[in-house]
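# Architecture at a glance
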Amino acid sequence: KQWYQRRVAITAGNANGESWCPDCVKADPIIEKAVETVAPPNSCLITVLVGDRPTWKSPSCDFRTHPDLQLKSIPTLIKLGTVQRLDASQCSDAGLVEMLFEED
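Description of the structure in this document. Keep in mind the model is a prediction, meaning the values are calculated, not measured. (Residues numbered from 1 in each chain as written. Predicted model: local features only at pLDDT ≥ 70, side-chain atom pairs only at ≥ 80, totals over all residues. Heavy atoms only, no water.)

### Quick word on the layout of surface pockets
Approximately 210 Å³ is the volume attributed to the largest pocket. For the largest pocket, the lining is made up of 14 residues, of which Thr11, Asp28, Glu32, Thr47 and Leu49 are closest to its centre. Mapped by element, the contributors of at least two residues to the lining of the largest pocket are β1 (5-11), α1 (22-37) and β2 (43-49). (1 Å grid on protein atoms, 1.4 Å probe; cavity = no way out; pocket = protein on both sides within 12 Å on 5 of 7 lines; lining within 4 Å. Points joined across faces, edges and corners; volume = space filled by probe spheres on them. Helix = DSSP H or I, 4+ residues; strand = E, 2+ residues; numbered from the N terminus.)

Structural data, given as structure tokens:
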């Protein structure tokens with residue numbers, strides 16, 4: 001069996017694909033480029049939206065409180081099955097994003 005390497009990008013956006021988060025606006029194209037140019041063929045990117053700004057800013061937001069996530073910032077890029085993750089400022093660093101997409 002061939003297993004897929006999964007990464008999750010947790011970001012902000014609405015139904016029209018517009019983001020209210022300036023850090024996400026900056027990082028999203030960098031993440032998309034890494035998927036196109038660096039990610040191995042057996043990888044996939046799952047994009048998850050946190051909802052609108054008030055939902056994300058709430059201290060009880062599921063993305064903030066879930067024990068497996070405990071997000072402090074968006075965007076966040078996570079390599080599933082590992083402890084590897086990039087937080088907001090790191091997601092706009094092309095070198096770091098590319099490293100997260102490199103094959104194991």
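### Some thoughts on the packing of aromatic side chains
According to the stated counting rule, one finds zero aromatic pairs in the structure shown. Sitting over the face of the ring of Trp56, Arg64 holds its NZ or CZ atom 3.9 Å from the ring centroid. (Phe/Tyr/Trp six-rings, centres within 6.5 Å; stacked < 30°, edge-to-face > 60°. Lys NZ or Arg CZ within 6 Å of the ring centre and 35° of its normal.)

### Some points on the pairing of strand β3 (residues 76-79)
When a strand is regular, its side chains alternate between the sheet's two faces. Residue alternation in β3 divides its side chains into two sets, Thr76 and Ile78 and Leu77 and Lys79, and both sets are buried. Relative to strand β4 (residues 85-86), β3 runs antiparallel, the two sharing two bridges. Note on β4: the bridge partner recorded for Ile78 is Arg85. Between the antiparallel neighbours β3 and β4 lie five residues, among them Gly81 with a positive phi of about 80°. (Buried < 20%, exposed > 50% of the residue type's maximum accessible area, 1.4 Å probe, protein only. Pairing = 2+ DSSP bridges.)

### Some remarks on unusual backbone geometry
Trans peptide bonds make up most of the peptide bonds, and negative phi angles are found at most residues other than glycine. With an omega of 0°, the peptide bond between Ile74 and Pro75 qualifies as cis. The phi dihedral of Gln70 is positive, around 45°, even though this residue is not glycine. Tracing the backbone through its elements, the reader meets Gln70 in the loop between α3 (62-65) and β3. Using a relative accessible area of 42% as the deciding quantity, one classes Gln70 as partly exposed.

### Observations concerning the environment of Met99
Its location among the elements puts Met99 in helix α4 (residues 94-101). Residue class for Met99 comes out exposed when judged on its relative accessible area of 52%. Once the C-alpha coordinates of Met99 and Ser73 are considered, the two residues, 26 residues apart in sequence, prove to be 20 Å apart.

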